[in-house]
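# Results of the structural survey
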Amino acid sequence: MATELAITVFPGLADDTSIRSTMEKLLFDFYSVVGIAPRRGYLIVPGELLADSFQARFFIQATSELLCFDKQQMLTAKVSGNAQRPGSQLLSMNLVHDDNGCISVSYVAAFRHGQTATVRRGAFQAVDLSHGWQMRSLDEDVRVILMPEPRKYLRTAPDQPRVWIR
């Protein structure tokens, strides 16, 4: 009885770390240009970040407003007011699909300044053009969270454990 041996060659897995870091940079460059995040140390040309057919929608949960912008309106508007150098953190980012040079990305980013935290959950589509990546569309759900003021240390005894007897 003969044994047939088949050697399967697996294609190399694509390294998503470089495309992910490129998408993170694109997102935070966009946030820097529109005034959500602090300005970057290098020069960003706002027009080069957005495709000509760019469309953006921001749903502000606090006021239940839906703000819609095209490229021209986006470059002249600040969608968050004065951010005053917030601390930022990208909580998650997932590359949804990649076809025809277009990538869809879903993400959650948080910005904190003082007692206010802004959580921005959304998705954007980026297209690879000859001179780099540009955003084609952006949909965001914006939630503002007011955190309680830090209390001074109270000089009281800590809460004692309670024993409930029935």
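These remarks concern the structure in this document.

Analysis parameters
- Residues numbered from 1 in each chain as written.
- Predicted model: local features only at pLDDT ≥ 70, side-chain atom pairs only at ≥ 80, totals over all residues.
- Heavy atoms only, no water.
- Helix = DSSP H or I, 4+ residues; strand = E, 2+ residues; numbered from the N terminus.
- Contact = heavy atoms within 4.5 Å.
- Polar contact = N/O pair within 3.5 Å; in protein donor to acceptor, adjacent residues only side chain to side chain.
- Phe/Tyr/Trp six-rings, centres within 6.5 Å; stacked < 30°, edge-to-face > 60°.
- Buried < 20%, exposed > 50% of the residue type's maximum accessible area, 1.4 Å probe, protein only.
- Pairing = 2+ DSSP bridges.
- Salt bridge = Lys/Arg side-chain N within 4 Å of Asp/Glu carboxyl O.

Once that is clear, we can look at the side chain of serine 32. Tracing the sequence through the fold places serine 32 in helix 1 (residues 16–34). Setting aside residues no more than four positions away along its own chain, serine 32 makes contact with Ala37, Pro38, Arg39, Arg40 and Ile44.

With that settled, the discussion passes to the side chain of arginine 120. Following the sequence through the fold, arginine 120 ends up in strand 5 (residues 116–129). Among the polar contacts listed, one links the side chain of arginine 120 to the side chain of glutamate 140, at a separation of 2.8 Å.

Taken as a whole and judged by the stated rule, the model has seven aromatic pairs. Consider the rings of phenylalanine 30 and tyrosine 31, whose centres lie 6.1 Å apart with planes at 45°: the pair is tilted. Since its relative accessible area comes to 1%, phenylalanine 30 is described here as buried. Tyrosine 31 sits in the buried class, given a relative accessible area of 0%. Taken together, a centroid distance of 5.9 Å and an interplanar angle of 70° make the contact between phenylalanine 58 and phenylalanine 69 edge-to-face. Linking phenylalanine 58 in strand 1 (residues 50–60) with phenylalanine 69 in strand 2 (residues 65–70), this pair joins segments that are 11 residues apart in sequence. With respect to class, phenylalanine 58 is no different from phenylalanine 69; both count as buried.

This part is about the pairing of strand 4 (residues 102–113). With nine of 12 residues buried, strand 4 lies mostly within the body of the structure. In this sheet, strand 5 lies alongside strand 4 in antiparallel orientation, the contact comprising 12 bridges. Counted as the bridge partner of valine 105 is phenylalanine 124 from strand 5. Once strand 4 ends, the chain turns through two residues before running back antiparallel as strand 5, passing glycine 114 with a positive phi of about 65°.

A few words on the pattern of salt bridges. Tallying each qualifying case throughout the model produces five salt bridges. Across the salt bridge formed by aspartate 139 and arginine 57, the nearest N and O atoms sit 2.7 Å from each other. You can see aspartate 139 sitting in strand 6 (residues 132–146) and its partner arginine 57 sitting in strand 1, a full 82 residues away along the chain. Relative accessible area serves as the criterion here: at 34%, aspartate 139 is assigned to the partly exposed category. Residue classification places arginine 57 among the partly exposed positions, given a relative accessible area of 43%. The residue glutamate 140 makes a salt bridge to arginine 120 at a minimum N-O spacing of 2.8 Å. Of the two residues, glutamate 140 sits in strand 6 while arginine 120 sits in strand 5, which places them 20 residues apart along the sequence. Judged on exposure class, the residue glutamate 140 and its partner arginine 120 are both buried.

Just geometry here; none of it tells us what the structure is for.
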